[in-house]
Structures are given as structure tokens and as C-alpha cells.
Amino acid sequence: PSAAILGGYDFGKSLYYQNIGAVGSVAKKYLPLLPIAQPAPSFKLKVKNYFYKMRFKFAQIIDKNISGNSGDMLKAVLLGIKMDRASDSYLSLKNVGLAHLLAISGLHMGFAMGMIFYIIRMILAAFPFATFSFSTKKFAAIISISSGLFYLLLTGGSLATERAFIMASLVMLAIILDREALTMRNLGLALLIMLLFNPIAIMNVGFQMSFAATAVIIGYFEWQKTSLYQIDNPLKLVSKRTSLGRFLFSLRDWIMIPLLTGIVTMPISIYHFSTLQTGGFFANLIVVPIFGLMVMPLGILSMLLSTIGAEQYGFELLDYLIKFIYQIAAMVQDNSYLNEHIGKLNQMFVATLLLGFLWLIIWQNRWRYAGFIYLLALPFIPLYEKSPLVYLGQAKSGKISNLMVKAIDGNYYLLSGTRGKFSSRIWLDHVGQVYDKTAKNLKQQANFLQCDNIACIGKLADLPTDRNQFTLAYSIAAFEQECHRSAVIVSARHYNFPPCDTPIQLTRDDLKPLGTAIYYGANSFVIKNNIRQY
């Protein structure tokens, strides 16, 4: 499958770099498929199957103790078993910016490896021989890397999990080599390693948001090193040596980290998903501490206790905590003004904004403030991508799969078939309108069109009122009647139109398989065709 709209996410390109040449489905009447001879499994496949069986056993333990949405979420955050993305529980988390908790990423891997690191250090600290014989910190870091590799294999090794494991392992490696752990150098090294093994990963939205969030967190803590408030002056009331100072610093970090990560990742999120999730800040402010300090450790502890049959109370408490997270998500979601649907952001605007953020984050001296030069240029760059006046889908069997038109009221309307609902949602996202997924017949949304047996006629926006008619012709008769009154006339049935002075005339030969967009500006029309990018 290719991009659903011009400039949109190209699914086929992503599959191409995963060495997947085709996708499809098998009709029910051909099931079950006959088994075919398989070669002897390789060592890699044996290891993968071993951890898959182990993950399945852990999933059975969770299902035995927790059912419903709580169990689905716990399997997602502990074992990497994805939730149903069409379910109400998943959408409630996604709509308020909490879906990142369901992907095994930096938060999960960092906690798992960090917990092992500190537990090993505490155990070894109880033995003076170990303390004085070797570096317990380095030994704990080695064990932590091994545990991270185990967790990576157990959860299936997704792109986000691999990224988190590489970054966390570099932090532990820095500890082993007596180097500073959290630095931009380590982040850059992790980025380089990821791109060497998988260059196309840079197009992944999770990859972009993860590295952007990690960069701003590291930049924030590097800024603290030069902050006057960090100087340990016992005479100061707000100092790291006083209880009040430590409390205020912790409170500041608790607020600033989700705020800064939200600001930096917001342009990326809006660009890819066309949704401004201001409510995500409040949801993450409450949920992330609960998730990191209670859900993750209690989940791991309950899984360990299941080996001796003492996991019941831990899972009951987890059930209450996860239900509370869903309640927070529902409360934020109910305030619709916190999640606004907006159009596709201009690529140049997003790139300039992110360059400004990057400059402010990377530099550690006064050169940092030169990043505001990028931000000062933003008012002179268009905020949104130019939206098409008409977007046409594939022409097949005399019909157009999808049609989206900008009407004189400024809104976009759809004329879509059953097989075009996915593309229709992508189209409306692109122009910043909400898609009604409950609508069974999208033709009702095209009520601005006046249709009969030979044509559909409507009025287009942004055109002179005496020449703003759009015509979807089903016959030559309709073409002859409406040609001279139309600005755009389209037919999926006829190859050749009679001579006419209509500016835009499109037939089945002109309608490309991947979609055609018609733009209007500077008193002229521009036609662009969607093409494959691979």
C-alpha cells in the first residue's frame, strides 16, 4: 500500500525497507491452509521461538489474574503484546497522549535495567568482601545490560525497544568506563548506531519523538549544572543541602520534564497526526509518575511472585492503578478543547522550529540563545501546507473510489465508497477535519452535491462565483450541459471529452491510481499526482 494522500505517510516504502514485497489476505473459503515443508529452523529462529513461548506463558499468568482492559494494558507494558488499536481503551489513551506508555521504550527499558542495577548494588553492598574487592557499580552495570538484552528478547524486539536498549546500554557502558552517563555524546552515538543498522528508522514517528524527548531531558539536566540554584551553599534556603530545596527541585523536575518533552515533541505529533493534544501534558503529569513508580515495579514484582503462587494481591492492586489511569484519560478526553484537530503543518515551519529547539538544547553556553533566531523566523513561514481544492481517488470500473471537495462554506466534503473509508480519514486529517468513524454511509456528508442519474454538481471555494462549479459527470449528456459552467469537470467513464473551455477536464486516463490533487492559487490551477516513493 502506498501513501493515501499526496505527501502523506507511505506504507509501502516502510514495508519495502523491511524486505516485505507484498501484503494481502486469504479468503475464508481457502482456510485452513495446507502445511508446506519447512527447512530446519536456524539458531536465531530457535531463540526467537523460545522467548515467544516464554512471553506466552507470562501472558497466561496475567490473563489468569487480570481480565479486560487492565489485563490488555499490563500485557502491553510488560510483554510488548500490542493492544487492539480499534478498541475504546486504546483510543482513550491515544487521544490524550498516553499511548506511548503502551510501547516498550525508554521509560520501560530504563526502569527495568535501572531497577536491576540498583538491586544488584544493594545486594553486593551487604558483603564487605565484594565491596572492597571490585567495583560493584561496574559489575551491576554489566548485569543490567544482560537483563536489558533478556527483556528485549522477551518483548519481541520492536524498533522502539531496540532503540531504548541501545541508549540504556550506552549509559551502563559509560558507567563501566568511568565516563559521564547522560550526555549528548551518548545520545548521538545511539542515534548513529540505530541509523547504521536501519536508516529508514529516521522516518518513524516514534523514533523522532523518542530522540527529541531524550535530547531535551539531557539538555535540561545539563542546564542544571550551570544553574546558580544548583550550587551547594548551606546558607541558601533553596539549596540541595536543605530539605526544602530538595523538595522544590524535585517538584520543578516533575513539572518541567513533561512540559519540555511535550513542547519539543508537539510539532512532530501535530505534523504526523494532525492533532494538538494540549491535554497530554496534564495527563502525563499525573499518569507517568504513577506508571513509573508503581505500575512497572509492581508488575515485575507480581510476575516474579507468580513463580511461588503469591501474585494475587499484587495483581489486584495493579488492577486498581490501571483503572485509575483509564479514569484520568477519560476525564481529559471529555474536555474536547484539550485535543484539537488541525490541518497538516508546513514542512518548512516544522523544520525551522525543530532546528531552533535543537540549537537551544545542544549548546551549553551563551551560543544557546542564538537558537531564538530560528524561532523569530517562524511568523514569516506559512503555518499549514497548502490544501487541495479537490482530491480524487482511483478511477476503476467507471467509478471514483474517493472524492473530497472544498465547498463554498470552507469545509471539505466526501463522496466515498465503502472501500475508501481509510483513505477518507487520512484525507480529512490532512486538511484538519474530524472523521466520523461511525458513519456507515459517507455520501451523507456530501450533501452539498446535487446529484441525479447523469451528474453530481457542487460549488467550490476560493473561485470566482460565476465560475466555481464542480461537475462529476456520469455521461456525455451531462458533460455537454455543464461544461461551460464548470471550473472542474471529472469523469471516470469516458476517455475523450468534446471540445470545451473548462479549465480542468479529467478523464479516467488522467486519474492516477494513487490519487490526484487539484490546487488553486494565483488565478491558476495546479494538478499534482501522488506517486510511489520507492
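Residues numbered from 1 in each chain as written. Predicted model: local features only at pLDDT ≥ 70, side-chain atom pairs only at ≥ 80, totals over all residues. Heavy atoms only, no water.

(A) Structural detail: the nonpolar core. In this structure, Met73, Leu74, Leu78, Leu93, Leu98, Leu102 and Met109 are the most contacted members of the largest nonpolar core, which totals 78 residues. Sequence-distant contacts of Leu78, that is, excluding residues within four places in its chain, are made with Ile62, Ile104, Tyr151, Thr155, Met296, Gly299, Ile300 and Met303. Counting residues in hydrophobic clusters, the runner-up holds 23 residues, among them Leu392, Ile400, Ala487 and Ile504. (Core = buried A, V, L, I, M, F, W, Y, C linked by side-chain atoms within 4.5 Å. Buried < 20%, exposed > 50% of the residue type's maximum accessible area, 1.4 Å probe, protein only. Contact = heavy atoms within 4.5 Å.)

(B) Inspection of the environment of Gln450 at higher detail. Among the structural elements, Gln450 can be located in strand 8 (residues 450–451). For Gln450, a relative accessible area of 63% puts it in the exposed group. Separated by 21 residues in sequence, Gln450 and Thr471 place their C-alpha atoms 9.7 Å apart. Those residues in contact with Gln450, other than ones at most four positions away along the chain, are Ala455, Cys456 and Ile457. (Helix = DSSP H or I, 4+ residues; strand = E, 2+ residues; numbered from the N terminus.)

(C) Expanded view of a nonpolar patch on the surface. There is a patch of nonpolar side chains on the surface, built from Leu244, Phe247, Leu248, Leu251, Trp254 and Ile255 and spanning about 510 Å² of accessible area. By secondary structure assignment, the location of Leu248 is in helix 11 (residues 243–273). (Patch = residues over 30% accessible without salt bridge, like charges linked within 9 Å, V, L, I, M, F, W, Y side chains within 5 Å. Areas by Shrake-Rupley, 256 points an atom, 1.4 Å probe, with all protein chains shown as cover. Salt bridge = Lys/Arg side-chain N within 4 Å of Asp/Glu carboxyl O.)

(D) Fine view of the pattern of salt bridges. Considering all chains together, one arrives at 7 salt bridges under this definition. Here Lys75 ties to Asp63 by a salt bridge, and the two come within 2.9 Å at their closest N and O atoms. Of the two residues, Lys75 sits in helix 3 (residues 68–79) while Asp63 sits in helix 2 (residues 43–65), which places them 12 residues apart along the sequence. Salt-bridge contacts for Arg252 lead to Asp253; the nearest nitrogen and oxygen are separated by 3.6 Å. Of the two residues, Arg252 and Asp253, neither departs from the other in class, the shared state being buried.

(E) Main features of the packing of helix 5 (residues 106–125) against helix 12 (residues 279–305). Helix 12 packs onto helix 5 with a crossing angle of 65° between their chain directions and a minimal axis gap of 11 Å. For the pair helix 5 and helix 12, the sense of crossing is right-handed. Judged by residue contacts, Leu107, His108, Phe111 and Met115 of helix 5 engage Phe291, Gly292, Met296, Pro297 and Ile300 from helix 12. Class assignment of the residues belonging to the contact of helix 5 with helix 12 gives a composition of 7 nonpolar, 2 polar and no charged. (Axes fitted to C-alpha atoms, helices over the stretch in contact; angles between N-to-C directions. Left-handed = near helix turned anticlockwise from the far one by under 90°. Nonpolar A, V, L, I, M, F, W, Y, C, P; charged D, E, K, R; others polar.)

(F) A look at helix 13 (residues 312–334). Compared with the 33 Å implied by 1.5 Å per residue over 23 residues, the 33 Å span of helix 13 between its first and last C-alpha is a close match. What helix 13 keeps buried is the set Gly314, Phe315, Leu318, Leu321, Ile322, Ile325, Tyr326, Ile328, Ala329 and Val332. (Expected span 1.5 Å × (residues − 1).)

(G) Quick look at the packing of helix 3 against helix 12. Between helix 3 and helix 12, whose axes approach to 11 Å, the crossing angle comes to 85°. If you check the angle between helix 3 and helix 12, you find them roughly perpendicular. For the pair formed by helix 3 and helix 12, the contact residues are Met73, Val77 and Leu78 on the first element and Phe291, Met296, Gly299, Ile300 and Met303 on the second. Grouping the constituent residues of the contact of helix 3 with helix 12 by class yields 7 nonpolar, 1 polar and no charged. (Parallel < 35°, antiparallel > 145°, perpendicular 65-115°, else oblique.)

(H) Up close: the confidence of the model for the chain. Scored by pLDDT, the chain has a mean of 80; 88% of the residues are at 70 or more. For the chain, the element scoring lowest by mean pLDDT is strand 2 (residues 339–341), at 70; helix 7 (residues 136–154) scores highest, at 90. Here residues 440–444 is modelled with pLDDT under 50, and outside its nearest four sequence neighbours on either side it reaches 8 contacts, counting other chains as well. (pLDDT = per-residue confidence, 0-100.)

(I) Seen up close, helix 8 (residues 159–176). Under the 1.5 Å per step criterion, the end-to-end length of helix 8 is 26 Å for 18 residues, consistent within 8% with the ideal 26 Å. Counting buried positions along helix 8 gives 14 out of 18 residues, so the element sits mostly inside the fold.

(J) Summary view of the sheet that holds strand 11 (residues 486–490). One open sheet accounts for 5 strands, arranged 8-9-10-11-12; its pairing is mixed. Two strands in the sheet have a free side with no partner beyond their single neighbour: strand 8 and strand 12 (504–506). For strand 10 (residues 469–473) and strand 11, the ladder comprises 4 bridges, and the chain directions are parallel. Each bridged residue has a counterpart across the sheet, and for Gln469 the counterpart in strand 11 is Ser486. (Pairing = 2+ DSSP bridges.)

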